[in-house]
Amino acid sequence: MSFTPRGQHLIAGEWIGSSSDFLSEADGLSPLKVSEGGVGEVERAAQAAETAFWTYGYTSRETRAAFLEACADEIEARGQDLTRLAMAETGLPEARLNGERGRTTGQLRLFAEHIRKGDYLDRRHVPAQPDRAPAPRPDLKLVQRPIGPVAVFGASNFPLAFSTAGGDTASALAAGCPVIVKGHPAHPRTGELVAEAMAAAATRSDIDPGVFSLIQGASHTLGSALVSHPLVRAVGFTGSLRAGRALFDLCAARPEPIPFYGELGSINPVFLMPGALTARSEALGAAWAGSLTLGAGQFCTNPGVVFALAGAPLEQFLDAAKSTLEASAPQTMLTDDIANNFRIGCASVSGTAGVETVFAASADGRTGAPALLRTSFDIWQQKPELAHEVFGPSGLAVTLPDTEAMRAAALSLAGQLTCTLHLDESDTSAAAALMPILERKAGRVLVNGFPTGVEVSDAMVHGGPYPATTNFGATSVGTLAIRRFLRPVCYQDMPDALLPRDLL
C-alpha cells in the first residue's frame, strides 16, 4: 500500500480542504501544505457526529467491538507507510514506532474484548416491592450510557497510541460516542493516514461515517472552537499545562459546562530509600539515567526528580548516572520548538541559585542532550519552580538530611501521574509511612522499577490529581478509560420493550 498525503481534513467520510493552510516539513519528505481547520469545519464535524450518535450510540456491543477490530486491521494494513511517515515527522526510531503501532491496535482490540464482556456497564437491578410499607418500592434498573460526541486532541509524543486513533479515541468509540480529533500539527501526514484507516473501517463495518472526523490545524482558534461547540459532550487532551488549562477553563465557562479530561504534566518523583540506595546505588543510578533518556525523555512518565538521603551511596548513585548520561548521544526531539523549550527549561533550572550542574551535554537545533542537576531540600522548598516539568532528558536529584525530610518532600508535591519507591526489606517501615501520602499524590505508585512503561490493561491508572490531570477520578490508559464517556441512567418501572438492550 502506498500513501500520498492530501493535507486535508476527514469529515464524515469526505476529504475536504480549507481556505487557509500551514506548512509541514519533515525529514526526507517534500513540504506539505496542510489545511487549517476552523469554526466551519468544527460545525460540520460536530453536526455529523451528532447525527451519527443517534445510530452509533444505540448499536450493539458486538457491532462496536467488530468496528474497533476493523479499525485495528486497517491500521495494521498501513503499517509500513505509518512507520515511514511517523519516523520522518517525529524523529522517533523505527522500533519504537512499530511497538507503538502494536500498542495502538492492541488497545483497540482490548476495548473490543472489554465491551463484549459488558462488566463496564455496571448493571444494577433493585426489584419492585409493591407491598412494602409504608410505601411501595418501584422497580429500578441502572446501566451506563454513552454521552454523545467527544473531542480528542492528538498528542505530539505518541503519534499513534495517544493521537488520532489512540486511547481516548478507542475508549470513546467503545462507549458508543462519535469522535472528532484535532490532529497534532507536528505529524499531520501520520494523522491523515490513520484517519484513512478509520474511514475504511467505518465503511467496511457499515457505520455512519460521521462517527469519526479528523480536523487538521495549528491554531488556537481551532481548539477553542472544538471545546466550545455545544454538541461536544466531553474532551480528551494530552499536552502542556498552559494549553490544557486554557481549554479546561473554556469547557468550564460554557453555558453548559462539560468534562475536560486533560493530562497536563508530571515530574514523576522517585524516592530512593536508604537500604536500597546503599545496596545497589550504582545499578539504580544507571537505570535512572536510562529511564531519563528513553525516547529523548519525551514520556509523560519521565522520572524527572529523585529524592535521597545525603551520603556516600547517593554520590555513587550520581556518579553512575553521570557515566551513563555521558555515554548517551544527543537525540532528535519531536519538534524544533520542543527541543528549544527543553533547553530553556534546563537553563532555567541550572541557573537557579543553589542548583549544581553535575553533567550537561550540548545540543542544538532539533536535538536534545541530557542534563543531570542536584540541589538540597532547603532549596527545593524555597524554589517551587523546581517542581515544574522539564519535557526532555533532564533529571534533578534532591539531597535530603533524613527520612523525616523525605516525608516532607512527599507532602510538598503537587499531583503526579506516578510516584516510585526503591526499597529493600529494611526500608519497609519507612516506606509504609510514605504510602498514605504518595497514594494521595499520584494515580500510580510503583516499587523497584521506573514509570516509563505503561501497561495497557484493566488495572492501569494513567491519571492523577491536578496538575497531572484535570480529573483525578479518570485514566487515559486501560479499560477504565471508557468510564469517562459514559453516564449512569436509572430506569424506573420501565417495560422491557423500552429498555436499552444491555439491560435485557
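Since the structure is predicted, the reported quantities are computational estimates derived from the model, not experimental observations.

Novice: Let's hear about the overall build of the protein chain: which residues, and what values?
Specialist: Each helix and strand in the protein chain was counted, giving 14 helices and 21 strands. For the protein chain, the residues scored as buried account for 56% of the 504 residues in total. When contacts within the protein chain are restricted to residue pairs at least 6 apart in sequence, long-range pairs at least 24 apart make up 77% of them. In the protein chain, 40 side chains carry a positive charge and 52 a negative one; their mean positions are 5 Å apart.

Novice: Explain helix H14 (residues 428-441) to me, and be specific about the residues and the numbers.
Specialist: Given a rise of 1.5 Å per residue, 14 residues ought to cover 20 Å, and the 19 Å separating the end C-alpha atoms of H14 matches this to within 8%. Taken as a whole, H14 carries its principal kink of about 40° at Met435; the proline Pro436 stands between one and four residues after it. Of the residues making up H14, those classed as buried are Ala431, Leu434, Ile437, Leu438 and Lys441. Where H14 is buried, its residues meet strand E12 (270-272), helix H13 (403-412), strand E19 (416-422) and strand E20 (442-447).

Novice: A description of the packing of helix H2 (residues 61-77) against helix H4 (residues 94-117) should follow, citing residues and the corresponding values.
Specialist: Interaxial distance between H2 and H4 falls to 8 Å at its minimum, and their mutual angle equals 170°. Classified by the interaxial angle, the pair formed by H2 and H4 is roughly antiparallel. Along the contact surface, H2 presents Arg61, Glu62, Arg64, Ala65, Ala66, Leu68, Glu69, Cys71, Ala72, Asp73, Ile75 and Glu76, while H4 presents Arg101, Thr104, Thr105, Leu108, Arg109, Phe111, Ala112, Ile115, Arg116 and Lys117. Split into classes, the residues belonging to the contact of H2 with H4 amount to 10 nonpolar, two polar and 10 charged.

Novice: Tell me about the nonpolar core, and name the residues and values.
Specialist: Phe67, Leu68, Val150, Leu173, Phe212, Ile482 and Phe485 are the most contacted members of the largest nonpolar core, which has 54 residues in total. Counting residues in each nonpolar core, the second largest holds 41 residues, with Leu92, Leu373, Val390 and Val398 among its members.

Novice: So what's going on with helix H11 (residues 336-350)? Which residues, and what values?
Specialist: Between its terminal C-alpha atoms H11 stretches 21 Å, which fits the 21 Å expected from 15 residues at 1.5 Å a residue. Every buried residue of H11 is accounted for by Ile338, Ala339, Phe342, Gly345, Cys346 and Val349. The arc enclosing the buried residues of H11, seen along the axis, measures out at 120°, which places them on a common side. Exposed side of H11, more than 90 degrees from the buried face: Asp336 and Asp337 are the residues found there. Buried residues in H11 make contact with strand E16 (367-368), strand E17 (371-376) and strand E18 (394-400).

Novice: Describe the sheet that holds E12, naming the residues involved and giving the relevant values.
Specialist: Strand order in the open sheet formed by seven strands is E15-E17-E18-E13-E12-E19-E20, with mixed pairing between adjacent strands. Unpaired on one side and paired on the other, strand E15 (356-360) and E20 mark the two borders of the sheet. Taking each pair of neighbouring strands and ignoring which way they run, the sheet shows an average axis angle of 20°. Strand direction decides the pairing type here: E12 and strand E13 (residues 305-309), joined by three bridges, are parallel. Directly across from Val270, in E13, lies its bridge partner Val306.

Novice: Describe the side chain of His462, and please don't skip the residues or the numbers.
Specialist: Within the secondary structure, His462 sits in the loop between E20 and strand E21 (486-492). Take His462: its relative accessible area is 3%, and that puts it in the buried class. Looking at His462, its side chain comes within polar contact range of the side chain of Glu263, at 2.9 Å. Setting aside residues up to four positions removed in sequence, His462 forms contacts with Phe162, Glu263, Cys300, Thr301, Leu417, Val454, Ala474, Thr475, Ser476 and Val477.

Novice: Can you explain the sheet that holds E21? Please cite residues and give values.
Specialist: Taking strand neighbours across the sheet as the criterion, the three strands line up as E5-E6-E21 in an open arrangement whose pairing is antiparallel. Both edges of this open sheet fall to strand E5 (124-126) and E21, since each of them pairs with a single strand only. Neighbour-to-neighbour, the strand axes of this sheet turn through a mean angle of 25°, independent of strand direction. Here E5 pairs with strand E6 (residues 140-146) via three bridges, running antiparallel. Counterpart to Val126 in the pairing with E6 is Leu140.

Novice: Could you give an account of the pairing of strand E8 (residues 179-182), naming the residues involved and the relevant values?
Specialist: Burial along E8 is two-sided: Val179 and Val181 and Ile180 and Lys182, pointing in opposite directions, are all buried. As defined by bridge partners, strand E7 (residues 150-153) adjoins E8 across four bridges and the pair is classed as parallel. Within the sheet, the bridge partner assigned to Val152 lies in E8 and is Val181. One crossover worth recording links E7 to the parallel E8 by way of helix H5 (residues 167-175), and it is right-handed. Relative to strand E9 (residues 212-215), E8 runs parallel, the two being bridged by four bridges. Residue pairing across strands places Val181 opposite Leu214, the latter belonging to E9.

Novice: Mind laying out the packing of aromatic side chains, listing which residues take part and the relevant values?
Specialist: Any pair of aromatic rings gets described here by the distance separating the centres and the angle formed by the planes. Tallied over the entire structure, the rule returns 13 aromatic pairs. Centre to centre, the rings of Phe307 and Trp380 are 5.2 Å apart; their planes meet at 90°, and the pair counts as edge-to-face. With Phe307 in strand E13 and Trp380 in helix H12 (residues 377-382), this residue pair connects regions lying 73 residues apart in the sequence. Summarising the burial analysis for this pair, Phe307 and Trp380 share the class buried. These aromatic residues form a ring-pair network of at least three members: Phe153, Phe237, Phe248 and Phe260. Positioned over the ring face of Trp15 is Arg6, at 4.1 Å from the centre of the ring. Its guanidinium or amino end placed over the ring of Phe158, Arg103 lies 5.5 Å from that ring's centre, counting from NZ or CZ.

Novice: Give me the pairing of strand E10 (residues 234-238): which residues, what numbers.
Specialist: In regular strands, side chains alternate between the two faces of the sheet. Counting buried positions along E10 yields five of five residues, so the element is predominantly enclosed. Where burial is concerned, the two faces of E10 agree: the one with Ala234, Gly236 and Thr238 and the one with Val235 and Phe237 are both buried. With four bridges connecting them, E10 and strand E11 (residues 260-263) associate as parallel partners. Paired with Val235 across the bridge in E11 is Phe260. Taking the sense of rotation as the criterion, the β-α-β connection linking E10, helix H8 (residues 241-253) and E11 turns out right-handed.

Criteria and cut-off values
- Residues numbered from 1 in each chain as written.
- Predicted model: local features only at pLDDT ≥ 70, side-chain atom pairs only at ≥ 80, totals over all residues.
- Heavy atoms only, no water.
- Helix = DSSP H or I, 4+ residues; strand = E, 2+ residues; numbered from the N terminus.
- Buried < 20%, exposed > 50% of the residue type's maximum accessible area, 1.4 Å probe, protein only.
- Contact = heavy atoms within 4.5 Å.
- Lys, Arg positive; Asp, Glu negative; His and termini not counted.
- Charge placed at Lys NZ, Arg CZ, Asp CG, Glu CD.
- Expected span 1.5 Å × (residues − 1).
- Bend = angle between axes of the 7 residues up to and from the residue.
- Axes fitted to C-alpha atoms, helices over the stretch in contact; angles between N-to-C directions.
- Parallel < 35°, antiparallel > 145°, perpendicular 65-115°, else oblique.
- Nonpolar A, V, L, I, M, F, W, Y, C, P; charged D, E, K, R; others polar.
- Core = buried A, V, L, I, M, F, W, Y, C linked by side-chain atoms within 4.5 Å.
- Arc of directions from axis to C-beta.
- Pairing = 2+ DSSP bridges.
- Polar contact = N/O pair within 3.5 Å; in protein donor to acceptor, adjacent residues only side chain to side chain.
- Right-handed = clockwise from strand over helix to strand, strands pointing away.
- Phe/Tyr/Trp six-rings, centres within 6.5 Å; stacked < 30°, edge-to-face > 60°.
- Lys NZ or Arg CZ within 6 Å of the ring centre and 35° of its normal.

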